[in-house]
Amino acid sequence: MAQEVYQWARNLAVYYIVLTALMHIMPNSQYGRYIRSFMGILLILIVASPLLDLLHLEERMDGLFHKKMLEEAFADPPWGEGQEEARGYYLQAYEQEAAGQIRGSLEEILAGSCKVLDVRVHMEMDEELGELYVAFIQIWLSGAENSQMRERVEHELAGSYEITGEKVELFFEEMG
């Protein structure tokens, strides 16, 4: 706990040093308000970081950020008209990336209680909206079926990735 407080105080000190240096090296004071606005947002993030860590909001924001990045990349595709093969290739790559992110997230929250054996994500494109969405997820976990474990997984997916429970299939495999 003391280490986190020390790190937080050090971040604030570095922030004020950088702010002071920026304000002194600005050749024209008309840009000062832009620098102060940007640095104000940065200060809010630094001050709020202990709260974000306490509520595990950083992982949720990271998950949502990655999801939005994938959606935007797919909405502005690098393939042209009539190149369905390329579209399928990119869709498969997005599914693998999403599966890797979800697997990493689940391994963190389930550490010690069970092992994530496999994660498969199936995504589809909403042609009307031009958006990519998760059709369903299949997750294989080690151990006996456990309702508490199921709730933890569904809570993580709903909070971090906005994926509802009806899109999630959990399979439990007893190791032995």
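Residues numbered from 1 in each chain as written. Predicted model: local features only at pLDDT ≥ 70, side-chain atom pairs only at ≥ 80, totals over all residues. Heavy atoms only, no water.

Here we look at the overall build of the protein chain
Next up, step 1: Looking only at helices and strands, one finds five helices and three strands in the protein chain.
Next up, step 2: Start at the N end of the protein chain and walk to the C end: the helices and strands fall as α-α-α-α-β-β-α-β.
Next up, step 3: Expressed as a percentage of the 176 residues in the protein chain, the buried residues total 26%.
Next up, step 4: The contacts in the protein chain between residues at least 6 apart in sequence include a share of 59% that link residues at least 24 apart. (Helix = DSSP H or I, 4+ residues; strand = E, 2+ residues; numbered from the N terminus. Buried < 20%, exposed > 50% of the residue type's maximum accessible area, 1.4 Å probe, protein only. Contact = heavy atoms within 4.5 Å.)

So, the packing of aromatic side chains
Next up, step 1: Taken as a whole and assessed by the stated rule, the structure comprises two aromatic pairs.
Next up, step 2: When the centroid spacing of 4.9 Å and the interplanar angle of 80° are considered together, the rings of Y15 and Y16 count as edge-to-face.
Next up, step 3: Residue Y15 is classed as buried on the basis of its relative accessible area, which comes to 6%.
Next up, step 4: For Y16, a relative accessible area of 43% corresponds to the partly exposed category.
Next up, step 5: When the ring of W140 is compared with that of F171, the centres are 5.0 Å apart and the planes differ by 20°; the resulting orientation is stacked. Of this pair, W140 sits in strand β2 (residues 131–142) while F171 sits in strand β3 (residues 168–173), and the two are 31 residues apart along the sequence. (Phe/Tyr/Trp six-rings, centres within 6.5 Å; stacked < 30°, edge-to-face > 60°.)

A closer look at helix α1 (residues 2–25)
Three or four residues apart is the spacing at which side chains of an α-helix point the same way, because the helix has 3.6 residues per turn.
Next up, step 1: Helix length check: α1 (24 residues) gives 35 Å between terminal C-alpha atoms against 34 Å at 1.5 Å per residue, within 8%.
Next up, step 2: Those residues of α1 that fall on the buried side of the exposure criterion are L12, Y15 and L19.
Next up, step 3: Elements that come into contact with the buried residues of α1 comprise α2 (32–54). (Expected span 1.5 Å × (residues − 1).)

Side note on the confidence of the model for the protein chain
Predicted coordinates in areas of low pLDDT are best not read in detail.
Next up, step 1: In this model, the protein chain carries an average pLDDT of 79, and 88% of its residues clear a pLDDT of 70 or more.
Next up, step 2: The element-level mean pLDDT for the protein chain is lowest in helix α3 (residues 57–75), coming to 70, with α1 highest at 87. (pLDDT = per-residue confidence, 0-100.)

Considerations on the pattern of salt bridges
Close approach of charged atoms allows side chains of opposite charge to pair.
Next up, step 1: The final tally for this structure, using the stated rule, is two salt bridges.
Next up, step 2: Among the salt bridges present, the one from R103 reaches E107, with a minimum N-O distance of 3.1 Å. In this pair, R103 and E107 both sit in helix α4 (residues 84–109), four residues apart, roughly one turn of the helix.
Next up, step 3: On the basis of relative accessible area, R103 is assigned to the partly exposed category, the value being 26%.
Next up, step 4: Residue E107 is classed as partly exposed on the basis of its relative accessible area, which comes to 39%.
Next up, step 5: Residue D118 is joined to R120 by a salt bridge in which the shortest nitrogen-to-oxygen separation is 3.0 Å. (Salt bridge = Lys/Arg side-chain N within 4 Å of Asp/Glu carboxyl O.)

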